[in-house]
Amino acid sequence: MKNRAITPTRNERIMREDDFIVSKTDLKGRITYGNEIFIEFSGYTEHELLGSQHNIIRHPDMPRAAFKLAWDTIQAGHGFFAYVKNMSKDGGFYWVFTHITPDFGPRGEIVGYYSVRRCPRRDALAKIEPVYRQMLDAERAAGTRDAIGAGTKVLTDLLQQSRMSYEQLVFAL
Ligand SMILES: Cc1cc2nc3c(=O)[nH]c(=O)nc-3n(C[C@H](O)[C@H](O)[C@H](O)COP(=O)(O)O)c2cc1C
């Protein structure tokens, strides 16, 4: 369960150029592995992380539609790139550039998921933040039931205007 009692703060942790934050999950998004840097940035102990839902580090500034798109893509067997704002146990935040991929078993079936995150470019963050903010505002205005649809619409409209796929947008930032 995500800890809703945590109050987000303005304290930012910045990834170093040579950092790789790695985690693995089962099919339901429960954490099965995290490397040392994942543990360091999350602020949780390995014991607290293993078996928890990956949304334990979800930041409230992230739109729900972004995760819907992520899950739809990886469950379909594809990789997914995104800039993500995460929240540490102490309420601080850190931005990552993530690549999530499915892990395949011997018969080609998906057995889990794997994520590798690198230090994001600051100029890309300056561009994606307002997009996430617009998606989040639309989600809040629409209410819980219609949130994902409203957030997705903001993103789809933007992609249509710029004639790009989501992945093209991410790499154009
Ligand atoms: C391999 C993998 C890595 C993930 N990494 C993150 C992450 O770093 N931050 C995050 O908020 N969600 C991450 N997620 C998505 C979460 O499982 C979840 O969908 C998201 O936090 C939204 O949570 P919610 O649906 O409870 O709002 C990851 C999922 C997978 C499969």
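About the cut-offs
- Residues numbered from 1 in each chain as written.
- Predicted model: local features only at pLDDT ≥ 70, side-chain atom pairs only at ≥ 80, totals over all residues.
- Heavy atoms only, no water.
- Near = heavy atom within 4 Å.
- Areas by Shrake-Rupley, 256 points an atom, 1.4 Å probe, with all protein chains shown as cover.
- 1 Å grid on protein atoms, 1.4 Å probe; cavity = no way out; pocket = protein on both sides within 12 Å on 5 of 7 lines; lining within 4 Å.
- Sits in = over half its atoms within 2 Å of the grid points.
- Helix = DSSP H or I, 4+ residues; strand = E, 2+ residues; numbered from the N terminus.
- Nonpolar A, V, L, I, M, F, W, Y, C, P; charged D, E, K, R; others polar.
- Points joined across faces, edges and corners; volume = space filled by probe spheres on them.
- Expected span 1.5 Å × (residues − 1).
- Buried < 20%, exposed > 50% of the residue type's maximum accessible area, 1.4 Å probe, protein only.
- Contact = heavy atoms within 4.5 Å.
- Pairing = 2+ DSSP bridges.
- Axes fitted to C-alpha atoms, helices over the stretch in contact; angles between N-to-C directions.
- Polar contact = N/O pair within 3.5 Å; in protein donor to acceptor, adjacent residues only side chain to side chain.
- Core = buried A, V, L, I, M, F, W, Y, C linked by side-chain atoms within 4.5 Å.

As recorded by an unreviewed UniProt entry, the chain carries the name Aerotaxis receptor Aer and is attributed to Thauera humireducens.

### Considerations on the site of the ligand
Close to the ligand lie 15 residues; N55, R58, W71, N86 and R117 are nearest. A total of 610 Å² of accessible area belongs to the ligand in isolation, and the protein chains cover 86% of it. In this structure the site holding the ligand corresponds to the largest pocket. Mapped onto the shell around the ligand, the elements with two or more residues apiece are α3 (64–75) and β5 (110–118). When residues in the shell around the ligand are grouped by element, the largest group, four residues, is from β5. Per-class residue counts for the shell around the ligand are seven nonpolar, five polar and three charged.

### A closer look at empty space enclosed by the protein
Within this structure, the stated rule accounts for one cavity of 30 Å³ or more. Reported here for the largest cavity is a volume of approximately 30 Å³. Taken together, E12, R13, I14, M15, W95, P120 and R122 make up the full set of residues lining the largest cavity.

### A look at helix α5 (residues 147–162)
For α5, built from 16 residues, the straight-helix expectation of 22 Å at 1.5 Å per residue is met to within 8% by its first-to-last C-alpha distance of 23 Å. Buried residues of α5: A147, A150, G151, V154, L155 and L159, and no others. Looking at the buried positions of α5, the neighbouring elements they touch are α3, α4 (122–142) and α6 (166–172). Phi turns positive, to about 50°, at R163, one or two residues after α5.

### So, the sheet that holds β5
Overall, antiparallel pairing links the five strands, which are arranged β2-β1-β5-β4-β3 in an open sheet. If you trace the sheet from one side to the other, it starts and ends with β2 (31–34) and β3 (80–87), each paired once. Going from strand to strand, the sheet's axes swing by 30° on average, the running direction of each strand aside. Sheet topology places β3 next to strand β4 (residues 93–104); eight bridges connect them, and they run antiparallel. Residue N86 lies in a different strand from β4, and its bridge partner there is Y94. Relative to the sheet, α3 contacts β3, β4 and β5, its axis offset from that of β3 by approximately 135°. Against the sheet, α4 engages β3 and β4, with an angle of about 80° to β3.

### Examining the side chain of T98
Its location among the elements puts T98 in strand β4. For T98, a relative accessible area of 4% corresponds to the buried category. Engagement of the side chain of T98 in a polar contact is seen with the side chain of S115, the distance being 3.0 Å. Apart from the residues within four sequence positions on either side, T98 is in contact with F80, F81, A82, V84, S115, V116 and R117.

### Concerning the nonpolar core
Most often, soluble globular proteins keep nonpolar side chains buried together rather than apart. In terms of nonpolar packing, the biggest core is built from 44 residues, with I21, Y83, I128, Y132 and Y166 touching the most fellow members. Of all the secondary structure elements, the ones that give two or more residues to this core are α1 (36–42), α3, β3, β4, β5, α4, α5 and α6. Ignoring sequence-local partners within four residues, the contact set of Y83 consists of M62, W95, V96, F97, P120, R121, A124, L125, I128, Y132, V170 and L173.

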